[in-house]
Amino acid sequence: MAKKVIITGITGQDGSYLAELLLEKGYDVYGLVPRYATNPFENIEHILDKVTIITGDLSDSSSLYRMIRDVQPDEVYNLGAQSFVKGSWDLPELTGDVTGVGVTRILEALRYVKPDTKFYQASSSEMFGKVVETPQRETTPFYPRSPYGVAKVYGHYITVNYRESYGMYACSGILFNHESPRRGREFVTRKISEGVARIKLGLAKELRLGNMEARRDWGFVGDYVVMMWLMLQQDKPDDYVIGTGENHSVQEFVELAFGHAGLDWKKYVVLDEAFKRPAEVDELLADPKKAKEKLGWEPQVSFEELVKMMVESDIKKMKNLKRKA
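About the cut-offs
Residues numbered from 1 in each chain as written. Predicted model: local features only at pLDDT ≥ 70, side-chain atom pairs only at ≥ 80, totals over all residues. Heavy atoms only, no water. Helix = DSSP H or I, 4+ residues; strand = E, 2+ residues; numbered from the N terminus. Buried < 20%, exposed > 50% of the residue type's maximum accessible area, 1.4 Å probe, protein only. Areas by Shrake-Rupley, 256 points an atom, 1.4 Å probe, with all protein chains shown as cover. Lys, Arg positive; Asp, Glu negative; His and termini not counted. Charge placed at Lys NZ, Arg CZ, Asp CG, Glu CD. Salt bridge = Lys/Arg side-chain N within 4 Å of Asp/Glu carboxyl O. Arc of directions from axis to C-beta. Contact = heavy atoms within 4.5 Å. Phe/Tyr/Trp six-rings, centres within 6.5 Å; stacked < 30°, edge-to-face > 60°. Pairing = 2+ DSSP bridges. Axes fitted to C-alpha atoms, helices over the stretch in contact; angles between N-to-C directions. Left-handed = near helix turned anticlockwise from the far one by under 90°. Nonpolar A, V, L, I, M, F, W, Y, C, P; charged D, E, K, R; others polar. Right-handed = clockwise from strand over helix to strand, strands pointing away.

Draft legend 1. Local environment of the overall build of the protein chain. Helix and strand counts for the protein chain come out as 9 helices and 13 strands. Expressed as lengths along the three principal axes of its C-alpha atoms, the size of the protein chain is roughly 60 × 50 × 40 Å. The buried share of the protein chain, taken over its 325 residues, is 54%. Within the structure as shown, the protein chain displays about 14,600 Å² of accessible surface, and the carbon and sulfur contribution to it stands at 49%. Across the protein chain, the mean location of the 44 positive side-chain charges is 4 Å away from that of the 47 negative side-chain charges.

This is the structure we're talking about:
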């Protein structure tokens, strides 16, 4: 009998790649989608006939209890969240409720309905925020610098608490920045790749950006969802930092993206204070040693390959839109 899995946030970047992976492994895949989601199925349109969509929300306990009761899942991956860091300053209460307390709601549903389910929590490198050591590892203290980072710290520690208090198989992946052509357009990497495509095709004349000096450990989401799955296949639950072990500045991303399109970024990029955060996170860099040693995991896609992949995808999309216009 096939294993049953629930993915919250299945329509997002991470959820769509994870759904593909688990379908390949023979799982019956169920995805939680809020009723108010706009154009929710773009990322999973190609597999929509292979997954079962459930209407519910991390802010609504009753929908989570019904979901666990009806599906009786073997594994749950909680990828749902208000995940836009800059947007968390505009919606701090919502971010805390969905991204933070929502984790408690789903853990409580599992504890009462099916406590033997294996649970994965999507933690974030934004929890490290104003870093106290570099690189960051599992033992590095958290110092979040946004409502999103604070909410993720709550979600992380409540997962640890349920594991230690109730003996549940509950673990967290502390994922550093991971990107793909399916990344939301509000995120800086996709903003850059789509901006390059627009400029290349004559649809835009400039790209406005904020902090170009911020450094991030960027990887490919397709590599990272393998790690999520591996974490739930172990004998004992544990938390892992997931990243490439190298970081790059936003400016480096920009230079590569424009360069791949044969453009000089200095002619098109405009610095705009409106895109800077109230509190900046200057540098994040993962130490994935534990994941590599215990789980035998290695990222397969390089930073340069990732940037190229995103730019080429957006140029192709823009060309198709231009033809239809």
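Draft legend 2. The pattern of salt bridges, seen in detail. Applying the stated criterion across every chain yields a total of 20 salt bridges. With a closest N to O distance of 2.8 Å, Glu 194 and Arg 185 form a salt bridge. The exposure class of Glu 194 is buried, given its relative accessible area of 11%. When the shortest N-O distance is used, the salt bridge between Lys 294 and Asp 238 registers 4.0 Å. You can see Lys 294 sitting in helix 8 (residues 289–295) and its partner Asp 238 sitting in the loop between helix 6 (221–231) and strand 11 (240–242), a full 56 residues away along the chain. For Lys 294, a relative accessible area of 55% translates into the label exposed. Linked by salt bridges that have partners in common, Glu 42, Arg 185, Arg 190, Glu 194 and Asp 314 make up one network.

Draft legend 3. Summary view of unusual backbone geometry. The amide bond that connects Thr 134 to the next residue, Pro 135, takes the cis arrangement and shows omega of 0°. Along the chain, Pro 135 turns up in the loop between strand 5 (118–124) and helix 4 (147–166). In the Ramachandran plot, Gln 72 falls in the positive-phi region, its phi being about 55° despite a non-glycine side chain. Tracing the backbone through its elements, the reader meets Gln 72 in the loop between helix 2 (61–71) and strand 4 (75–78). Among the residues examined, Gln 72 registers a relative accessible area of 35% and is labelled partly exposed.

Draft legend 4. Examining helix 7 (residues 250–260) more closely. Turning to helix 7, its buried residues are Val 250, Phe 253, Val 254, Ala 257 and Phe 258. Viewed along the axis of helix 7, the buried residues span an arc of 120°, placing them on a single side of the element. Buried-residue contacts for helix 7 involve helix 5 (188–200), strand 8 (207–209), strand 12 (248–249), strand 13 (269–271) and helix 9 (303–324).

Draft legend 5. Structural detail: the packing of aromatic side chains. The full count for this structure, using the stated rule, is 11 aromatic pairs. When the centroid spacing of 5.9 Å and the interplanar angle of 40° are considered together, the rings of Tyr 77 and Tyr 120 count as tilted. Separated by 43 residues along the polypeptide, Tyr 77 in strand 4 and Tyr 120 in strand 5 bring together distant segments of the chain. Residues Tyr 77 and Tyr 120 agree in their burial class; the two are buried.

Draft legend 6. Broad picture of the sheet that holds strand 3 (residues 52–55). Taking strand neighbours across the sheet as the criterion, the 7 strands line up as 3-2-1-4-5-6-11 in an open arrangement whose pairing is parallel. In this open sheet, the two strands that pair with only one neighbour each are strand 3 and strand 11. Pairs of neighbouring strands in the sheet enclose a mean axial angle of 25°, with direction left out of account.

Draft legend 7. A look at the packing of helix 1 (residues 13–24) against helix 6. One way to put it is that helix 1 packs onto helix 6 with a least axis distance of 9 Å and a crossing angle of 65°. Where helix 1 crosses over helix 6, the two elements pack in a sense that is right-handed. Residue-level inspection shows Gln 13, Asp 14, Tyr 17, Leu 18, Leu 21 and Leu 22 of helix 1 in contact with helix 6, the latter providing Val 221, Gly 222, Val 225, Val 226, Met 228 and Trp 229. Of the residues in the contact of helix 1 with helix 6, the class split is 9 nonpolar, 2 polar and 1 charged.

Draft legend 8. Representation of the pairing of strand 5 in the model. Within strand 5, 6 of the 7 residues are buried, which leaves it mostly tucked inside the rest of the structure. Bridge count between strand 4 and strand 5: 4 bridges; the pairing is parallel. Across the sheet, residue Val 76 finds its bridge partner in strand 5, namely Phe 119. Handedness of the β-α-β unit built from strand 4, helix 3 (residues 92–113) and strand 5 comes out right-handed. Taken together, the 6 bridges between strand 5 and strand 6 (residues 170–175) define a ladder with parallel strand orientation. Looking at the pairing, Phe 119 lines up with Ala 170 of strand 6.

Draft legend 9. Local environment of the environment of Leu 22. Mapping Leu 22 onto the fold places it in helix 1. Assessed through its relative accessible area of 0%, Leu 22 is described here as buried. The residues touching Leu 22, leaving out its near neighbours within four places in the chain, are Val 5, Ile 7, Tyr 27, Val 29, Tyr 77 and Trp 229.

Purely spatial values, then, with no claim about function.
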